[in-house]
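Structure at a glance
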Amino acid sequence: FEGDFGAKSFDVDLWIPEHSEAAQTHASIDEYFGPGKLIPYMVLFDGRRLRQQVDSKQGFEVMKTAVNALDEWCGPDANITAFTGIAVLNGTFVSPTEYHDAVKCSKDISCETERQRTLGILAKKYNSDTVMNTLIQVELSIDPYSRNGMDWLESARDVLSQLSQEQKLQGYEVSIGAGASIPYDIVENVYDEFPLVMIAMFLTVFVITGTFFDCLQQPIRSVLTTMLSLTSAYGLAKLKYGDDLGWLPPLLSFSVALGLAVSYDIFINLQILEHRKLMYNNASSIILGLYTSGKYICAGALITAIAFSGLLLTDELALRQFGFLMLEVVMIDAIVRIFLIPLLIGSPAIARVAWWPMTLPQETRDISDL
């Protein structure tokens, strides 16, 4: 599953209406200031476990170590535009003495330089009340929500984890937040759990349909053909949108698509089975089952497709992707039910066990008897 959607898009453009004022302003800020200006990351330095304030000499050493590591180790091109905090300003590191002088003069409004005044403002903005915590802002030259932005976040977390293991953080807890970290963690957690959800739902379909039809072959057909419909639809969506395919549309569409696909499967199999119980032979049961249910399945698929196709006219890319996925699933599944189910039941190799272990009456009637 991760192979199909490994490059999940987190882009905020998925959710902003394309022609809205917000989208135009967002594009202008990207163009004039860079995409990282809108959504900077924050590196949190926490000294509570040590009961040590972050503006100590040790705290400044840790901040310098972390900043240097993030600047140098996150790939050959770290894509970092600027670090801003009490320990680093305008591309240069701040010494503890310079910082404390700036804090002192800012209290009595006696700072002589702009740099001192700026450090005083940063101390109020980024330090906690107890000065046990502080933040350093990280601006990237790339969009934090892009695939490269996600790669940077992964690399940065790996770097900080390695520094911690090597005891280079001297007991301080250092982590990265803000930026795209929250949606990234949400999506990664959801996609880690989603395969288990898929397995559970398919097992539920297997058990319920097997119990309802009192046979083993039908639920196997149901699960396999439903998987064929869903994977075909998601594959086409991946071909159409590529890495721009959002992370949410596949998740939203899965449950709805599964319910529709299984419903169509039950309708057609039930009609075929009912005619087989009326002693029609296998071929006649399939023909009569298709005749009585096929037109309703096609009509239902067409109505559902028309209903979801309205989403293709919206300005939100995520909604268009969801509508496209549902349109695909409904139409593909209708074709699979009409053509593949009769093939599976009518195949000479499968016909004898198509409803096993159910006991069916002998085949004494033919379609010509109608």
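Preceding block: the structure.
Notes on the structure follow. Note that the structure is predicted; figures quoted are calculated from it, not measured.

Attention now moves to the pattern of salt bridges. Counted according to the given criterion, the structure contains nine salt bridges. Residue Asp-185 is joined to Arg-157 by a salt bridge in which the shortest nitrogen-to-oxygen separation is 2.7 Å. Taken together, the residues Asp-185 in helix 6 (residues 181-213) and Arg-157 in helix 5 (residues 147-165) connect sequence positions 28 residues apart. Residue classification places Arg-157 among the partly exposed positions, given a relative accessible area of 28%. Its salt-bridge partner being Asp-333, residue Arg-337 comes within 2.9 Å of it at the nearest N-O pair. Here Arg-337 and its partner Asp-333 are both found in helix 10 (residues 317-346), four residues apart, which amounts to about one turn of the helix. For Asp-333, a relative accessible area of 1% corresponds to the buried category. Taken together, the shared-partner salt bridges in this structure form one network comprising Asp-265, Asp-333 and Arg-337.

A word on the packing of aromatic side chains. Here the structure, examined in full by the defined rule, presents eight aromatic pairs. Through successive ring pairs, a cluster of aromatic residues spans Phe-194, Phe-202 and Phe-254. We note Lys-64 situated over the ring of Phe-93; from NZ or CZ to the ring centre the distance is 5.5 Å. The ring of Tyr-291 carries Lys-295 above its face, with NZ or CZ at 5.5 Å from the centroid.

Basis of the calculations
- Residues numbered from 1 in each chain as written.
- Predicted model: local features only at pLDDT ≥ 70, side-chain atom pairs only at ≥ 80, totals over all residues.
- Heavy atoms only, no water.
- Salt bridge = Lys/Arg side-chain N within 4 Å of Asp/Glu carboxyl O.
- Helix = DSSP H or I, 4+ residues; strand = E, 2+ residues; numbered from the N terminus.
- Buried < 20%, exposed > 50% of the residue type's maximum accessible area, 1.4 Å probe, protein only.
- Phe/Tyr/Trp six-rings, centres within 6.5 Å; stacked < 30°, edge-to-face > 60°.
- Lys NZ or Arg CZ within 6 Å of the ring centre and 35° of its normal.

Any link to function would need more than the numbers given here.
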